[in-house]
Amino acid sequence: MGPIKKIQYNCKQATFLIEKKLIDKLTLREKIELHIHLAGCSVCRVFDKQSQLINKMVQQFLKSSNNSDVHLNAGFKQDLQQRIEEELNKK
Amino acid sequence: MLATTTSSLLNPHKWVDNYADYLYAYALARLNDEEQARDLVQEVFLAALERADMFEGKSTERTWLTAILKNKIIDTYRRRSSGLNNVTIRAAEQEQEDFFYPADGHWREEHRPKEFGIEDHDPLHNKEFNLVLQQCLKKLPALWLAVFTMKHMEDESTENICTELKVTSANFWVIIHRTKLNLRACLQKTWI
């Protein structure tokens, strides 16, 4: 298999480069490799799209925790504040 | 003594009222475990009392408490990823040995990514899909989840993650790649 064919077949390497691209910079050589691969591989293009979507969802999920409506129960909070007061009095 | 030195900057009497729910939600989103999240909230307040005199008022109370919580979350990740969890890692690795043909790295037919079918319908706000994502995150090996969370949720530097979780840079990239492969496969399997 020639070098171009190898790149075109290697979805494992392409998905690795997709992940690297989302976090870091690719080298010129890696950019070209990924470009060649994606041009001919619709399956990895789907992977690329989904991978970005997953990252966005995860980031959004974390941000939404800032205004989420989960609450600690009242009893736990009361005990906790009492514990804090005790510590304050110790000092 | 503490009460007098910190009274102008910190108000521990109001901490629970003001920040407990916020810190709890913050920890819960990152740890996916109610009991651990609750314990950490308590630990944060107690740790904060101990080092109250180090608070200089350069940030808000909330930011300061959140920073303490963040360190405790990383400690938890570290604890979770040591020891027995190696078994889960091996199982997860095994699973994805099957994703590609070893000879040329080509996708095996049955593992090829397919469209989720929601790409065009504002998937970010699809509640059910978000729930499936959370379930899939829970299935990841602890170390992978820790690396993934620190990178994508906290935007920590790669260098920092490697130091904190004691992984080599080469291993970091392997984990990032494998985590996404497994997570995506789980979404496809559960959703479609």
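Note that the structure is a prediction, hence the values are computed from the model and not measured.

Quick look at the packing of helix H2 (residues 11-23) of chain A against helix H3 (residues 28-40) of chain A now. Residues and elements named next belong to chain A. Where H2 meets H3, the closest approach of the two axes is 10 Å, and the angle between their N-to-C directions is 125°. By the criterion of interaxial angle, the relationship of H2 to H3 is oblique. Crossing of H2 over H3 shows left-handed handedness. Between H2 and H3, the residues in contact are Cys11, Gln13, Ala14, Leu17, Ile18, Lys20 and Lys21 and Glu30, Glu33, Leu34, His37 and Leu38, respectively. Taken together, the residues that form the contact of H2 with H3 break down as six nonpolar, two polar and four charged.

Each side of the interface is counted separately: chain B has 56 residues, and chain A has 45 residues. Both sides together, the interface formed by chain B and chain A hides about 5000 Å², and carbon and sulfur atoms give 72% of it. Where chain B packs against chain A, one counts three salt bridges. The residue Asp21 of chain B makes a salt bridge to Lys77 of chain A at a minimum N-O spacing of 2.8 Å. Those elements giving two or more residues to the side of chain B that touches chain A turn out to be helix H2 (15-31), helix H3 (34-50), helix H6 (127-138), helix H7 (142-152) and helix H9 (169-191) of chain B. Here the side of chain B that touches chain A gets eleven residues from one element, more than from any other, and that element is H2 of chain B. Tallied by class, the residues present in the side of chain B that touches chain A amount to 32 nonpolar, ten polar and 14 charged.

With that settled, consider the environment of Leu62 of chain A. Mapped onto the elements of the fold, Leu62 of chain A is located in helix H4 (residues 42-64). Non-local contacts of Leu62 of chain A, meaning those with residues more than four positions away in its chain, are made with Ala29, Arg30, Met153 and Glu154 of chain B.

What follows covers the domain arrangement of chain B. Residue and element names in this part refer to chain B. The assigned domain composition of chain B is domain 1 (2-80) and domain 2 (83-191). With eight residues of domain 1 in contact, the opposing surface of domain 2 contributes twelve residues. A combined buried area of about 1000 Å² lies between domain 1 and domain 2, and 52% of that area is made up of carbon and sulfur atoms. When the buried surface of domain 1 facing domain 2 is broken down by residue, Asn32, Tyr77 and Arg80 rank first, second and third, together holding 50% of it. Put simply, domain 1 and domain 2 have one salt bridge between them. Of the charged contacts in the structure, one is a salt bridge between Glu164 and Arg78, with a shortest N-O distance of 2.7 Å. Listed by contribution, the elements that provide at least two residues to the side of domain 1 that touches domain 2 are H2 and helix H4 (61-81).

Rules used in this analysis
Residues numbered from 1 in each chain as written. Chains lettered and ligands numbered in written order. Predicted model: local features only at pLDDT ≥ 70, side-chain atom pairs only at ≥ 80, totals over all residues. Heavy atoms only, no water. Axes fitted to C-alpha atoms, helices over the stretch in contact; angles between N-to-C directions. Helix = DSSP H or I, 4+ residues; strand = E, 2+ residues; numbered from the N terminus. Parallel < 35°, antiparallel > 145°, perpendicular 65-115°, else oblique. Left-handed = near helix turned anticlockwise from the far one by under 90°. Contact = heavy atoms within 4.5 Å. Nonpolar A, V, L, I, M, F, W, Y, C, P; charged D, E, K, R; others polar. Buried area = accessible area lost by both parts, 1.4 Å probe. Salt bridge = Lys/Arg side-chain N within 4 Å of Asp/Glu carboxyl O. Domains from an automatic or database assignment.

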